[in-house]
Amino acid sequence: MHDAPMDISAAAGTDPATEDTVELRLTEELVELTACDRPGPPAPVHRGPGLLDGLGDWGPVDTEAGPFQLVPVRIERDVRLITQWMNDPVVAAFWGLAGPETVTAGHLRAQLDGDGRSVPCLGVLAGVPMSYWEVYRADLDPLARHYPARPHDTGVHLLVGRVADRGRGIGTRLLRTVADMIFDHRPCCGRVVAEPDLRNTPSVAAFLGAGFRLTGEVDLPGKRVALMIRDRALRPVL
């Protein structure tokens, strides 16, 4: 449904002063200090529920199509299924991860072995794994160099794996569901962010239908994307 995160570390505009400012703004400790007012000293970012507030413990929520849950990926359990989805030509055109299981495993392991700023998940609907998600800290991602990021902005990538679930509006409903889950479980997050490839018109339409607004277009290495944002403040009316 959505496109794979690209390597966007080579940002446009390499003025040294700007680069220093960007790196300071993205410093995890600074983000944690300024994001919320909490009593006592802030906890180190590598402890407690982590950078995504214990995503693995969020549990299921009810939807019109049945209970839905984000289940963090385990490579040994899930790599075969995700590899199958990545080799679907429709998916491969935007994610660029077609190939053997080692390609998929490498993509997953890069997140699982990191500091927790990106968590790959299976979307399980009515007990059936049917989609792949990446929930990530957009404010700590290289994407933040390409838009005016705010502390605790949370990004999502999505692909609907089962062909039978495409083109029926399920992706739109689940995007709204996951955005609501993020707002419910991440009180410091004021915005959910996405950046689908502009060529992927079904994906862009799904985000719009889920209450995201198109805020502009951004050139990333290898693609031009639509910057989509869903605001917590507009949640009651969208």
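Data block above holds the structure.
On a predicted model such as this, the values are computed, not experimentally measured, just so you know.

### With respect to the overall build of the protein chain
Phase 1: When its secondary structure is counted, the protein chain shows 7 helices and 8 strands.
Phase 2: Across the 238 residues in the protein chain, those meeting the buried criterion constitute 47%.
Phase 3: In the protein chain, of all internal contacts separated by at least 6 residues, the share reaching a separation of at least 24 is 67%.
Phase 4: By element, 57% of the accessible surface of the protein chain is carried by carbon and sulfur atoms, the whole surface being about 11200 Å².

### Details of the packing of helix H3 (residues 75-86) against helix H5 (residues 101-112)
Phase 1: Running from N to C, H3 and H5 cross one another at 120°; their axes reach a closest spacing of 9 Å. By the angle class used here, H3 and H5 are oblique. For H3 against H5, the interelement crossing comes out right-handed. Residues Ile75, Val79, Arg80, Ile82, Thr83 and Met86 of H3 lie in contact with H5, whose contacting residues are Glu101, Thr104, Ala105, Leu108, Arg109 and Leu112.
Phase 2: In terms of residue class, the contact of H3 with H5 is built from 7 nonpolar, 2 polar and 3 charged.

### What to know about the sheet that holds strand E4 (residues 128-137)
Within a sheet, each strand pairs with its neighbour through backbone hydrogen bonds, oriented either parallel or antiparallel.
Phase 1: What the 8 strands build is an open sheet, ordered E1-E2-E3-E4-E5-E6-E8-E7; its pairing is mixed. Of all strands in the sheet, those bounded by a partner on one side alone are strand E1 (61-63) and strand E7 (213-220). In this sheet, neighbouring strand axes are inclined to one another by 30° on average, regardless of whether the strands run parallel or antiparallel.
Phase 2: As paired strands, strand E5 (residues 154-160) and strand E6 (residues 191-194) are joined by 2 bridges and run parallel to one another. Across the sheet, the residue bridging to glycine 155 is valine 193, located in E6.

### Notes on the packing of aromatic side chains
Phase 1: A full pass over the atoms with the stated rule returns 3 aromatic pairs.
Phase 2: Where phenylalanine 68 meets tryptophan 133, the ring centres are 6.1 Å apart and the plane angle is 65°; that geometry is what we call edge-to-face. Separated by 65 residues along the polypeptide, phenylalanine 68 in strand E2 (residues 66-72) and tryptophan 133 in strand E4 bring together distant segments of the chain. Take phenylalanine 68 and tryptophan 133: they sit in the same class, and that class is buried.

### What to know about H3
Phase 1: When the terminal C-alpha atoms of H3 are compared, their 14 Å separation across 12 residues is substantially less than the 16 Å that a helix rising 1.5 Å per residue should span.
Phase 2: Tucked into the core, H3 has its buried residues touching E2, helix H4 (89-95), H5, strand E3 (118-125), E4 and E5.

### Some thoughts on empty space enclosed by the protein
Phase 1: Counting across every chain of the model gives 1 cavity of 30 Å³ or more.
Phase 2: As a volume, the largest cavity reaches approximately 40 Å³.
Phase 3: Lining the largest cavity are Thr63, Glu64, Ala65, Leu125, Ile170, Arg173 and Leu174.
Phase 4: Looking at the lining of the largest cavity, the element that brings in the most residues is helix H6 (residues 170-185), giving 3 residues.
Phase 5: Residue composition of the lining of the largest cavity, by class: 4 nonpolar, 1 polar and 2 charged.

### A word on the pairing of strand E8 (residues 223-231)
Phase 1: Of all the 9 residues making up E8, 8 are buried; the element is thus mostly covered by neighbouring parts of the structure.
Phase 2: Summarising the sheet, E6 and E8 pair through 4 bridges and their orientation is antiparallel. Each bridged residue has a counterpart across the sheet, and for valine 193 the counterpart in E8 is isoleucine 229.
Phase 3: Taken together, E7 and the strand that follows it, E8, pair antiparallel across an intervening segment of 2 residues, in which glycine 222 is found at a positive phi of about 90°.

### Things to note about the nonpolar core
Phase 1: Formed by 32 residues in total, the largest nonpolar core has its most connected members in Leu70 and Trp133.
Phase 2: Those elements giving two or more residues to this core turn out to be E2, E3, E4, E5, H6, E6, helix H7 (201-209) and E8.
Phase 3: Considering every element that reaches this core, the biggest residue donor is H6, with 8 residues.
Phase 4: Ranked by size, the runner-up nonpolar core spans 15 residues in total, among them Ile75, Val91, Val124 and Leu159.

Calculation criteria
- Residues numbered from 1 in each chain as written.
- Predicted model: local features only at pLDDT ≥ 70, side-chain atom pairs only at ≥ 80, totals over all residues.
- Heavy atoms only, no water.
- Helix = DSSP H or I, 4+ residues; strand = E, 2+ residues; numbered from the N terminus.
- Buried < 20%, exposed > 50% of the residue type's maximum accessible area, 1.4 Å probe, protein only.
- Contact = heavy atoms within 4.5 Å.
- Areas by Shrake-Rupley, 256 points an atom, 1.4 Å probe, with all protein chains shown as cover.
- Axes fitted to C-alpha atoms, helices over the stretch in contact; angles between N-to-C directions.
- Parallel < 35°, antiparallel > 145°, perpendicular 65-115°, else oblique.
- Left-handed = near helix turned anticlockwise from the far one by under 90°.
- Nonpolar A, V, L, I, M, F, W, Y, C, P; charged D, E, K, R; others polar.
- Pairing = 2+ DSSP bridges.
- Phe/Tyr/Trp six-rings, centres within 6.5 Å; stacked < 30°, edge-to-face > 60°.
- Expected span 1.5 Å × (residues − 1).
- 1 Å grid on protein atoms, 1.4 Å probe; cavity = no way out; pocket = protein on both sides within 12 Å on 5 of 7 lines; lining within 4 Å.
- Points joined across faces, edges and corners; volume = space filled by probe spheres on them.
- Core = buried A, V, L, I, M, F, W, Y, C linked by side-chain atoms within 4.5 Å.

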